[in-house]
Amino acid sequence: MGAQPAGSEATTYVPEGAELAEVVDFVAALAGKGVDVPAPRPALVAADGAKLELPEPLFEALVQVATAMAHGQAVTVMPRSKLLTTQEAADLLGISRPTVVRLLEAGEMPFQHHGRHRRVRLADLLVYQERMTRQRRESLERMQQEGQAAGLYEATTGGPPPERE
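Note that the structure is a prediction, hence the values are computed from the model and not measured.

A. Spotlight on the sheet that holds strand β4 (residues 112–114). The three strands are arranged β3-β5-β4 in an open sheet whose pairing can be described as antiparallel. Two strands bound the open sheet, and with one partner strand each, they are β3 (83–85) and β4. Looking at each pair of strands side by side, their axes are set apart by 45° on average, direction ignored. Pairing of β4 with strand β5 (residues 117–121) involves three bridges; the strand directions are antiparallel. Within β5, the residue paired with His 113 across the bridge is Arg 118. The strands touched by helix α5 (residues 122–149) are β3 and β5; relative to β5, the strand with the most contacts, the crossing angle is about 70°.

B. Quick peek at the nonpolar core. Counting 13 residues, the largest nonpolar core has Leu 93, Val 100, Leu 104, Met 109, Val 120, Leu 125 and Tyr 128 as the members making the most contacts within it. For this core, the secondary-structure elements that each account for two or more residues are α3 (86–93), α4 (97–105) and α5. Examining the composition of this core, we find that four residues originate from one element, α5, more than from any other. Setting aside chain neighbours within four positions, we find Leu 104 in contact with Thr 86, Met 109, Pro 110, Phe 111, Arg 118 and Val 120.

About the thresholds
Residues numbered from 1 in each chain as written. Predicted model: local features only at pLDDT ≥ 70, side-chain atom pairs only at ≥ 80, totals over all residues. Heavy atoms only, no water. Pairing = 2+ DSSP bridges. Helix = DSSP H or I, 4+ residues; strand = E, 2+ residues; numbered from the N terminus. Axes fitted to C-alpha atoms, helices over the stretch in contact; angles between N-to-C directions. Contact = heavy atoms within 4.5 Å. Core = buried A, V, L, I, M, F, W, Y, C linked by side-chain atoms within 4.5 Å. Buried < 20%, exposed > 50% of the residue type's maximum accessible area, 1.4 Å probe, protein only.

What follows is the structure, given as structure tokens:
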């Protein structure tokens, strides 16, 4: 920390209300004149006024969490290395626990044995989920293309289509 000149004291300026609006307007005017003004960054502000800037990925995650909670949804935050029980994995995938066990035994995703119990890493479960989502999307696109090629999406006029023999 540098020494302060003799006879001077540090002063902290904390604009509030109308003063803050004037500061914001002043900064906007500077930017309008071509003065390089740093863009505001998302931040957490504590009750005592302490401010902590947030990296963009963390800000986006917090927005997602807040949005889900605003819609009455529960939110769980956990590390990707977390080991899940087969029931937790089933709940996350929206399928039954026996189906998860069959997927594990078929080698669809890696798992670990802890005694008699199987555990699945969250990261592996998410990779499986993304793979299944991608495969479903590709299948739907393929079915749509086949339907278009077969003329199933043709507009018709008049009554129902003629019966085929």
